[in-house]
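What the coordinates show
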Amino acid sequence: RKEVEQDPGPFNVPEGATVAFNCTYSNSASQSFFWYRQDCRKEPKLLMSVYSSGNEDGRFTAQLNRASQYISLLIRDSKLSDSATYLCVVNPSLSGGYNKLIFGAGTRLAVHP
Amino acid sequence: ETGVTQSPTHLIKTRGQQVTLRCSSQSGHNTVSWYQQALGQGPQFIFQYYREEENGRGNFPPRFSGLQFPNYSSELNVNALELDDSALYLCASSRGRGTSAQETQYFGPGTRLLVL
């Protein structure tokens, strides 16, 4: 079983649509959680951290369910510029004393006019 | 831009050769992590350097090695290249080695390596 699993997509949605991505992780001791965005042939960029209470940044809302080991990202009012691959990322544990990120394979989003 | 730079941007090597990739961290960052991203996959952690010492390692063989210099820039060396080493190699810098759970890693643009 992969440590972080995501639906690979692609999700093809029209502008203005609401789209949701889901992610599960296997290590229950994981400490911190993120969504990164990666444009084609570019580096990953931090979109937002994910907190247990849920958090929102403009059109983006992230949720974490520690009991189910489940993370989600909701994008409202999709824009053409949202087209990218969205990577679910987990920092598994602080026990090793280092900051190792575990990435899912990513979910591709294509927003069309 | 993140302020993290990598060189070269692209590289073509043949099987069995050796390669050195370079990374300059963001100002004020003392930790560099290296990741390998194969086509269609998410990045995989190779290792991390903190204050010139290897601070953690992923599931990569010893032919993947690294260095960090006093100015916190870093090198990734890969010996005896194999076809499967073809990937995007990303470095990420951060302010610390992860004692804070919310430490953010900022990625450079990557080096795209093709092994023929």
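Read on for an overview of the structure.

Analysis parameters
- Residues numbered from 1 in each chain as written.
- Chains lettered and ligands numbered in written order.
- Predicted model: local features only at pLDDT ≥ 70, side-chain atom pairs only at ≥ 80, totals over all residues.
- Heavy atoms only, no water.
- Core = buried A, V, L, I, M, F, W, Y, C linked by side-chain atoms within 4.5 Å.
- Buried < 20%, exposed > 50% of the residue type's maximum accessible area, 1.4 Å probe, protein only.
- Helix = DSSP H or I, 4+ residues; strand = E, 2+ residues; numbered from the N terminus.
- Phe/Tyr/Trp six-rings, centres within 6.5 Å; stacked < 30°, edge-to-face > 60°.
- Pairing = 2+ DSSP bridges.

Details of the nonpolar core
- Membership of the largest hydrophobic core comes to 24 residues, with the highest contact counts inside it found for F21, W35, I71, L73, I75, Y86 and L109 of chain A.
- Where this core is concerned, the elements lending two or more residues are β3 (19–25), β4 (32–38), β5 (44–50), β7 (60–65), β8 (70–75), β9 (84–91) and β11 (107–112) of chain A.
- Counting residues in hydrophobic clusters, the runner-up holds 19 residues, among them F47, F60, L76 and V115 of chain B.

As for the packing of aromatic side chains
- Throughout the structure, instances matching the rule amount to 12 aromatic pairs over all chains.
- On the basis of an interplanar angle of 45° and a centroid distance of 4.9 Å, the ring pair of Y25 of chain A and F33 of chain A is categorised as tilted.
- Note on Y25 of chain A: relative accessible area 2%, which makes it buried.
- Ring geometry for F60 of chain B against F64 of chain B: centres 5.1 Å apart, planes inclined by 65°, an arrangement best described as edge-to-face. There is no split in this pair, since F60 of chain B and F64 of chain B are both buried.

Some words on the pairing of strand β7 (residues 64–68) of chain B
- Burial of β7 of chain B is one-sided: the residues F64, G66 and Q68 of chain B facing one way are buried, the residues S65 and L67 of chain B facing the other way are not.
- Hairpin connection between β7 of chain B and strand β8 (residues 74–78) of chain B: a loop of 5 residues separates the two successive antiparallel strands, and Y72 of chain B in this loop has a positive phi of roughly 75°.

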